[in-house]
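Geometric and topological summary
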Number of protein chains: 2
Amino acid sequence: MSDQLSDTKKYVIGTKQQYSKSFSFEDVNAFAKLTGDVNPIHINREAAAESIFKQVVVHGMLTSALFSTIFGTIYPGKGTIYLGQTLKFVKPVFLDEVIVAEVELTALVEEKRIGTFSTRCTNAKGEVVIVGEAKLLMP
Amino acid sequence: MSDQLSDTKKYVIGTKQQYSKSFSFEDVNAFAKLTGDVNPIHINREAAAESIFKQVVVHGMLTSALFSTIFGTIYPGKGTIYLGQTLKFVKPVFLDEVIVAEVELTALVEEKRIGTFSTRCTNAKGEVVIVGEAKLLMP
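Note that the structure is predicted; figures quoted are calculated from it, not measured.

A short note on the overall build of chain A
Per the secondary structure count, chain A includes five helices and five strands. In sequence order, the secondary structure elements of chain A are arranged as α-β-α-α-α-α-β-β-β-β. With respect to the principal axes defined by its C-alpha atoms, chain A has extents near 65 × 30 × 20 Å. Every one of the 139 residues in chain A was classed for burial, and the buried ones make up 38%. Considering only contacts in chain A between residues 6 or more positions apart, those separated by 24 or more positions represent 65%.

Points about the sheet that holds strand E2 (residues 81-89) of chain B
The 10 strands are arranged E1(A)-E3(A)-E4(A)-E5(A)-E2(A)-E2(B)-E5(B)-E4(B)-E3(B)-E1(B) in an open sheet whose pairing can be described as antiparallel. Since the sheet does not close on itself, it has two edges, and those belong to strand E1 (16-21) of chain A together with strand E1 (16-21) of chain B, each with one partner. The average undirected angle you get between the axes of adjacent strands in this sheet is 20°. Sheet topology note: the strand E4 (residues 114-122) of chain A/strand E5 (residues 128-137) of chain A ladder contains nine bridges and is antiparallel. Of the residues in E5(A), the one forming a bridge with Thr122(A) is Val128(A).

With respect to the nonpolar core
Grouped together as the largest cluster of nonpolar side chains are 70 residues, with contacts concentrated most on Leu62(A), Leu66(A), Ile70(A), Leu62(B), Leu66(B) and Ile70(B). Discounting chain neighbours no more than four positions away, the residues touching Leu66(A) are Tyr19(A), Lys21(A), Ile99(A), Ala101(A), Cys121(A) and Thr35(B).

A closer look at the interface of chain B and chain A
Contact residues are listed per partner, giving 32 residues for chain B and 32 residues for chain A. Mapped onto the side of chain B that touches chain A, the elements with two or more residues apiece are E1, helix H2 (25-35), helix H5 (60-73) and E2 of chain B. It is H5(B) that provides the largest number of residues to the side of chain B that touches chain A, a total of 10 residues. Classifying every residue of the side of chain B that touches chain A gives 14 nonpolar, 13 polar and five charged. Where strand E2 (residues 81-89) of chain A and E2(B) come together, five bridges link them in antiparallel fashion. Across the sheet, residue Gly84(A) finds its bridge partner in E2(B), namely Lys88(B).

A look at the confidence of the model for chain A
Residue and element names in this part refer to chain A. Overall, the predicted model of chain A reaches an average pLDDT of 93, with 94% of residues at or above 70. Long-range and interchain partners of residues 1-7, a stretch whose pLDDT sits below 50, account for zero contacts in this model, where long-range means more than four residues apart. We note a pTM of 0.92 for the whole complex and an ipTM of 0.92 for its interfaces.

Details of the relation of the copies chain B and chain A
Expressed as a screw operation, the relation of chain B to chain A combines 0.0 Å of axial shift with a rotation of 180°, fitting to an RMSD of 0.0 Å. Both copies are brought into coincidence by an operation consistent with a two-fold rotation axis. Considering only C-alpha atoms, the residue of chain B closest to the rotation axis is Thr86(B), which sits at 2.1 Å. The overlap is high: 100% of the interface residues of chain B also sit at the interface in chain A, so the same surface is used on both sides.

Reading the values: rules and limits
Residues numbered from 1 in each chain as written. Chains lettered and ligands numbered in written order. Predicted model: local features only at pLDDT ≥ 70, side-chain atom pairs only at ≥ 80, totals over all residues. Helix = DSSP H or I, 4+ residues; strand = E, 2+ residues; numbered from the N terminus. Buried ≥ 20, exposed ≤ 12 C-beta atoms within 10 Å, placed from the backbone. Contact = placed C-beta atoms within 7 Å. Pairing = 2+ DSSP bridges. Axes fitted to C-alpha atoms, helices over the stretch in contact; angles between N-to-C directions. Core = buried A, V, L, I, M, F, W, Y, C linked by C-beta atoms within 7 Å. Nonpolar A, V, L, I, M, F, W, Y, C, P; charged D, E, K, R; others polar. pLDDT = per-residue confidence, 0-100. Least-squares fit on C-alpha atoms with pLDDT ≥ 70 in both.

Below, the structure written as structure tokens:
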């Protein structure tokens, strides 16, 4: 029993982790090629200038991937299995903006090892650009 | 009034659109570099072989981006604004598997131009690998 307990990672509700990144025009073009999402608002500066956002917008799924970066490489890290994610794209993310992704452990079903995290991305002005919730199978 | 009506695209509940794609080891490595998600299960064949999945797994967010590809480039297409997406990662996606992403318009609030879509990705065995729902501001 004590062995079993010592094998189980301890998780503290309220634990937060962050990861910051910006995306260049080249990054967004590379993502467009990888996914086929060649919507002009992401890859054509002239077309984007005529859009409601007046400039190139980073793909929402590219920015959202920063949550996965935290989960898979920082916390909980290796062995994490991503079960689900909800995403609200509250504001557009523009090229070269430093985006801070933050996750916070809000609930844990210990016997099933299922962790719930609030997740959000914030821009340099402090505006929330993406908000949602993640479910993970904890390592 | 008739002008206004003719300016409004007609959307039919039940409309479906698909997009198919597979991801190579190089694609997954490129995505890892773009996002910082260098979890060994995505980029290290040896480490992945020792994982529960026994092989390299494509990032969930990379596969999920195929929904955005449909919305931004096929249907509804140009001018679409992505409001939100829910994702359940039901099964892992492996390298070079052909994944079919499919979206279906399930509801429309005409006065707000908000469309709801069911979204899912299926592998070549016909297994659903990702399922969820999207909200769009329709063009």
